[in-house]
Structures are given as structure tokens and as C-alpha cells.
Amino acid sequence: MRIATEDIKSTLTEIDFVEEERGFNQLLRQDGEVDYQLSAPLRIHLTHLRSGDDLLFNGSIEGDVVGQCGRCLEEYPLSLTRKFSVVLTPRPPLGREMELSYDE
């Protein structure tokens, strides 16, 4: 799911959605060896709000994962439940008070 930054307001907004496992499994395979694969879609609960220029996100992710044992190579199921909290702060623009040298 994508959320446009201009849609994030100063009031707390709650969203529940599901992300399909196929896209995440493709990302996990990009590095070659795969130790874990999602076996079902991820269930995501998200709250977000704007505080000045900062964007605040809190939530949880739940899903089912299949891992592969490094010793015997057998697969095993694993339940995934994680809470998260993220603050995005915009980088301040470069001001005109910075002077570049000729080499820069």
C-alpha cells in the first residue's frame, strides 16, 4: 500500500490492510539464497499522523513464514508478529549561504 505524504494529516488515522506475499518473496529472492518465505499475505495495522514536518507511523505486522533449517534443510513454519514505530523527518534544503568552490 502506498500513502501520499500530502494525505497524512495532523489527526491520527488508522488503516488495516493486507499485502500479498508474492512481492515480498520476490524481494527476498533477489540476494540469491532464501532462508525464509512468506506462506500467506501479511496483515498490517497502521496508524499515521503529521507533527509539523515529521511523519509518524506506528503499527504491527502479522503473517506466516516458512523457514529452512541450515543443518537439515527441512522447512518449518514460523509465526511472525512485530510492532514497529517510524518517524520520517525531511532533510532540510541546502541554503544559499553555502558557497561552492570552483572544483566542486
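These notes cover the structure that comes with them. (Residues numbered from 1 in each chain as written. Predicted model: local features only at pLDDT ≥ 70, side-chain atom pairs only at ≥ 80, totals over all residues. Heavy atoms only, no water.)

This paragraph deals with the side chain of Asn25. Its place among the elements puts Asn25 in helix H1 (residues 21-29). Judged by its relative accessible area of 7%, Asn25 is buried. With residues up to four places along the chain from it excluded, the contact list for Asn25 reads Gln37 and Leu38. (Helix = DSSP H or I, 4+ residues; strand = E, 2+ residues; numbered from the N terminus. Buried < 20%, exposed > 50% of the residue type's maximum accessible area, 1.4 Å probe, protein only. Contact = heavy atoms within 4.5 Å.)

Counting residues in each nonpolar core, the largest one holds 10 residues, listed as Ile8, Ile15, Phe17, Leu38, Leu42, Ile44, Leu46, Leu55, Phe57 and Val65. Breaking this core down by element, the ones donating at least two residues are strand E1 (13-19), strand E3 (42-51) and strand E4 (54-68). (Core = buried A, V, L, I, M, F, W, Y, C linked by side-chain atoms within 4.5 Å.)

On to the pairing of E4. On a regular strand, one side chain projects to one face of the sheet and the next to the other, so that they alternate. By the bridge criterion, 3 bridges tie strand E2 (residues 36-38) to E4 in an arrangement that is antiparallel. Its bridge partner being in E4, Leu38 is matched across the sheet by Val65. As judged from the 9 bridges shared by E3 and E4, these two strands associate in the antiparallel manner. Paired with Ser51 across the strands is Asp54, a residue of E4. Across 14 bridges, E4 lies against strand E5 (residues 75-88) in antiparallel orientation. If you follow Gln68 over to E5, its bridge partner there is Glu75. The hairpin formed by E4 and E5 contains 6 residues between the paired strands, and Leu73 there has a positive phi angle of roughly 65°. (Pairing = 2+ DSSP bridges.)

By the secondary structure assignment, Thr47 is in strand E3. We classify Thr47 as buried; its relative accessible area is 14%. In this view, Thr47 contacts Leu12, Thr13, Glu14, Leu56, Phe57 and Asn58; residues no more than four positions away in its chain are not counted.

Moving on, we get to the pattern of salt bridges. Throughout the structure, instances matching the rule amount to 1 salt bridge. Two residues, Arg43 and Glu62, come together in a salt bridge whose shortest N-O distance is 3.9 Å. You can see Arg43 sitting in strand E3 and its partner Glu62 sitting in strand E4, a full 19 residues away along the chain. (Salt bridge = Lys/Arg side-chain N within 4 Å of Asp/Glu carboxyl O.)

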